[in-house]
Amino acid sequence: MMMMRRMMRRHSSSNEKILKSSYCRTLVTKTSNVDVVEDVDVVVVGAGLLGSSVAYHLSKMKDRRVLVVDKNQPASCATSQSAGLLVHVSADPHKTRFVQETRRDLEDLNLLEHDFKATGTVRVAVSEGNKRKLLEEIQVANSCGVRNERLNVQDARHRVPWLSIDESDDALIYFMPDDGWIDPQILAGSYLRAARECE
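Residues numbered from 1 in each chain as written. Predicted model: local features only at pLDDT ≥ 70, side-chain atom pairs only at ≥ 80, totals over all residues. Heavy atoms only, no water.

What about the overall build of the protein?
Test applied: Labels follow the DSSP assignment, with helices taken as runs of H or I lasting at least four residues and strands as runs of E lasting at least two, numbered in each case from the N terminus. We call a residue buried when its accessible area falls under 20% of the maximum for its residue type, exposed when it is over 50%, and partly exposed in between, using a 1.4 Å probe and counting protein chains only. Contacts: residue pairs with any heavy atoms within 4.5 Å of one another. Every accessible area reported is derived by Shrake-Rupley at a probe size of 1.4 Å, with residue values counting cover from the shown protein chains alone.
Assigned secondary structure in the protein consists of 7 helices and 8 strands. A buried classification covers 41% of the 199 residues belonging to the protein. Taking as baseline every contact in the protein between residues at least 6 positions apart, the subset at least 24 positions apart corresponds to 72%. Accessible area for the protein stands at about 11,900 Å²; split by element, carbon and sulfur atoms hold 49% of it.

Structure, rendered in structure tokens:
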């Protein structure tokens, strides 16, 4: 972001042409009538899910003028191909907290009730190595306050009827009720709309 800002400042005489060219669509938040980069505090390059989220969180800061630029329509490239999964369990606590923050965003953006599909996920480990890995992930989940439930084979089959597993496998099974998915284009669009409305 900062690299683009410096680059465009070097060419300040052509900033207006760059911002209004066919290669750069602009989505402006918390400012108006932007003609040059010097009119804003931060330039976010890319209006996909991550760029939109960055714009939203920056725009919530007081007196922060944010400009989002993208040569395509918002959320029309990589974001449009994403599965939109929100899976909490990871051996990395930073990833787990990142998902928790995103879930809080869903609540703030009024997406949690109707747009987020809380299907839950079932984790199954059979080999000793995978069991150790799953237990490490559960430890992270517990430390981050992520809800989880250990299942027996019968409970797992009830939740996932096509699951090919039996008692002899001696599997370690956990259910994560707060996992789910959301259309990533809906989420990205909501981030951008909320960023424009931030005071």
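Now that the structure has been shown, the text picks up again.
Some words on the layout of surface pockets
In this approach, a probe sized like a water molecule rolls over the atoms, and the result shows the empty space that is left. Note the cut-off: Here a cavity means grid points, on a 1 Å grid over the protein atoms only, where a 1.4 Å probe fits yet cannot get out; a pocket means an open set of points with protein on both sides within 12 Å along at least five of seven lines; lining residues are those with an atom within 4 Å of a point. Grid points are joined across faces, edges and corners, and a volume is the space filled by probe spheres set on the points.
Each pocket or cavity is described by its volume, and for the largest pocket that value is around 290 Å³. Taken together, 15 residues form the lining of the largest pocket, with Leu49, Leu85, Leu86, Phe98 and Thr102 sitting closest to its centre. When residues of the lining of the largest pocket are traced back to their parent elements, those giving at least two are helix 3 (49–59), strand 4 (85–86), helix 4 (93–108) and helix 7 (184–197).

Remarks on the confidence of the model for the protein
Let me state the cut-off plainly: What pLDDT conveys is the predictor's confidence in a given residue, as a value from 0 to 100.
Scored by pLDDT, the protein comes out at a mean of 82, with 80% of its residues at no less than 70. When the criterion is pLDDT under 50, residues 1–24 qualifies, and its contacts beyond four places in sequence or with other chains add up to 39 contacts. With pLDDT under 50 throughout, residues 28–33 is counted as low confidence; its partners more than four residues away or in other chains account for 24 contacts.

So, the side chain of Ser52
Note the following rule: Identification of polar contacts relies on pairs of N or O atoms within 3.5 Å, with a donor-acceptor requirement for protein atoms, meaning one able to donate a hydrogen and the other able to accept it, and with residues adjacent in sequence counted only if both atoms are side-chain atoms.
Locating Ser52 in the fold gives a position in helix 3. Side-chain polar atoms of Ser52 contact the backbone oxygen of Ala47, separated by 3.4 Å. Here Ser52 is in contact with Gly46, Ala47, Ala188, Tyr191 and Leu192, once residues within four sequence places are set aside.

Considering the environment of Thr119
Within the secondary structure layout, Thr119 lies in the loop between helix 4 and strand 5 (121–125). Remark: the alpha-carbon pair of Thr119 and Asp178, spanning 59 residues in sequence, is separated by 7.5 Å. Apart from the residues within four sequence positions on either side, Thr119 is in contact with Phe175, Asp179, Gly180 and Trp181.

A look at the sheet that holds strand 7 (residues 172–176)
Just so we agree on the cut-off: Think of it this way: DSSP has to see at least two bridges between two strands before they count as a pair. Under this scheme, a helix contributes an axis fitted over its contacting stretch, all axes are lines through C-alpha atoms, and angles between N-to-C directions fall in the 0 to 180 degree range.
Within the open sheet, the 3 strands sit side by side as 5-7-6. Their pairing is antiparallel. The open sheet has two edge strands, strand 5 and strand 6 (149–151), and neither has a second partner. Ignoring strand direction, the axes of neighbouring strands in this sheet form an average angle of 30 degrees. Two elements, strand 5 and strand 7, share 5 bridges in a ladder whose sense is antiparallel. From the neighbouring strand, Val122 faces strand 7, where its bridge partner is Phe175. The strands touched by helix 5 (residues 128–143) within the sheet are strand 5 and strand 7, with strand 7 carrying the most contacts at an inclination of about 30 degrees.

Things to note about the side chain of Lys131
The residue Lys131 is located in helix 5 in this model. Residue Lys131 is classed as buried on the basis of its relative accessible area of 12%. Residue contacts for Lys131: discarding those within four places in its chain leaves Ala125, Val126, Asp170, Ala171 and Leu172.

Regarding the environment of Asp166
Considering the arrangement of structural elements, one finds Asp166 in the loop between helix 6 (153–159) and strand 7. Judged by relative accessible area, Asp166 falls into the partly exposed class, the value being 34%. For Asp166 and Gln154, which are 12 residues apart along the polypeptide, the C-alpha to C-alpha distance reads 8.4 Å. Residue contacts for Asp166: discarding those within four places in its chain leaves Val153 and Arg157. A polar contact of 2.4 Å, which involves the side chain of Asp166, links it to the side chain of Ser168.

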